[in-house]
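# Observations on the model geometry
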Amino acid sequence: MSRVSFFSSPLLLGFEEVERLIDRAAKAPSDGYPPYNIERRSQNGAGEALRIVIAVAGFTAEDLEITVMDHQLQIKGRQQDEAQKEFLHQGIAARQFSRSFVLADGMEVGEAQLRNGLLTIDVQRVEPERSVRRITVKDAN
């Protein structure tokens, strides 16, 4: 069975990438760990600024990896189990995670900081300058 998409309209040219990004976002795992917030920092004529805040208690900066590839921001965390310790009770386990966010065109990832168990990542959309171009029609004769 073929899937009909809004982007298959003949009036929408070159939106295949957008459709692919929507599919990728829909397939992203949603296990809820680690918890996160997305804050709107500002919105003005120059663009929009967002901040992603992720609760990563127990992780150090060396345990975290942030990459941006193909319109996708990916945050990974890896902690090492301390095998030499003998636990009477272990309620805080070393845990790995991977959290992804699909970025729209024009979104740029800025600074990332780890402070008090919260990882903050600034993301900004810089609005391109709008312009109108006139296309000259040449006579083929």
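Residues numbered from 1 in each chain as written. Predicted model: local features only at pLDDT ≥ 70, side-chain atom pairs only at ≥ 80, totals over all residues. Heavy atoms only, no water.

## Details of the overall build of the chain
Per the secondary structure count, the chain includes one helix and seven strands. Along the chain, helices and strands appear, N-terminal first, in the series α-β-β-β-β-β-β-β. For the chain, buried positions account for 22% of its 141 residues. Total accessible area computed for the chain in this model is approximately 11,400 Å², and 50% of it derives from carbon and sulfur atoms. (Helix = DSSP H or I, 4+ residues; strand = E, 2+ residues; numbered from the N terminus. Buried < 20%, exposed > 50% of the residue type's maximum accessible area, 1.4 Å probe, protein only. Areas by Shrake-Rupley, 256 points an atom, 1.4 Å probe, with all protein chains shown as cover.)

## What to know about the sheet that holds strand E5 (residues 97-102)
With respect to topology, three strands assemble into an open sheet ordered E3-E4-E5, the strand pairing being antiparallel. A strand with exactly one partner marks an edge of an open sheet, and here the two such strands are strand E3 (64-69) and E5. Taken over all neighbouring pairs, the strand axes of this sheet differ in orientation by 15° on average, direction set aside. As paired strands, E3 and strand E4 (residues 72-77) are joined by six bridges and run antiparallel to one another. Directly across from Leu64, in E4, lies its bridge partner Gly77. (Pairing = 2+ DSSP bridges. Axes fitted to C-alpha atoms, helices over the stretch in contact; angles between N-to-C directions.)

## Structural notes on the packing of aromatic side chains
Counted according to the given criterion, the structure contains three aromatic pairs. Arranged with centres 5.2 Å apart and planes meeting at 85°, the rings of Tyr36 and Phe101 form a pair that is edge-to-face. Here Tyr36, found in strand E1 (residues 36-44), pairs with Phe101, found in strand E5; they are 65 residues apart in sequence, far enough to count as distant. Residue classification places Tyr36 among the partly exposed positions, given a relative accessible area of 38%. Taking 5.2 Å as the distance between ring centres and 85° as the angle between the ring planes, the aromatic pair formed by Phe59 and Phe97 counts as edge-to-face. Here Phe59 is found in the loop between strand E2 (47-55) and E3, whereas its partner Phe97 is found in strand E5, with 38 residues between them in sequence. Relative accessible area serves as the criterion here: at 7%, Phe59 is assigned to the buried category. One aromatic cluster in this structure is built from Tyr33, Phe59 and Phe97. Here the guanidinium or amino end of Arg95 rests over the ring plane of Tyr33, the centre of that ring lying 3.8 Å away. (Phe/Tyr/Trp six-rings, centres within 6.5 Å; stacked < 30°, edge-to-face > 60°. Lys NZ or Arg CZ within 6 Å of the ring centre and 35° of its normal.)

## Some remarks on the pattern of salt bridges
According to the stated counting rule, one finds five salt bridges in the structure shown. The partner of Glu39 in a salt bridge is Arg41, and the shortest N-O contact between them spans 3.7 Å. When its relative accessible area of 30% is taken as the criterion, Glu39 is described as partly exposed. Assessed through its relative accessible area of 46%, Arg41 is described here as partly exposed. Residues Glu48 and Arg40 are paired through a salt bridge, measuring 2.8 Å at the closest nitrogen-oxygen approach. Under the relative-accessibility criterion, Glu48 is labelled buried at 13%. Assessed through its relative accessible area of 57%, Arg40 is described here as exposed. (Salt bridge = Lys/Arg side-chain N within 4 Å of Asp/Glu carboxyl O.)

## Some words on the confidence of the model for the chain
For the chain, per-residue confidence averages 83 on the pLDDT scale, and 80% of positions sit at 70 or higher. Mean pLDDT values for the elements of the chain range from 70 in helix H1 (residues 16-27) up to 96 in E3. (pLDDT = per-residue confidence, 0-100.)

## Remarks on the nonpolar core
Counting 15 residues, the largest nonpolar core has Ile52, Ile54, Val56, Leu73, Ile75, Leu119 and Ile121 as the members making the most contacts within it. For this core, the elements supplying multiple residues, two or more each, are E2, E4, E5 and strand E7 (118-126). (Core = buried A, V, L, I, M, F, W, Y, C linked by side-chain atoms within 4.5 Å.)

## Some thoughts on the environment of Gly32
Along the chain, Gly32 falls in the loop between H1 and E1. Considering only alpha carbons, one finds Gly32 and Arg99, 67 residues apart in sequence, at a separation of 9.3 Å.

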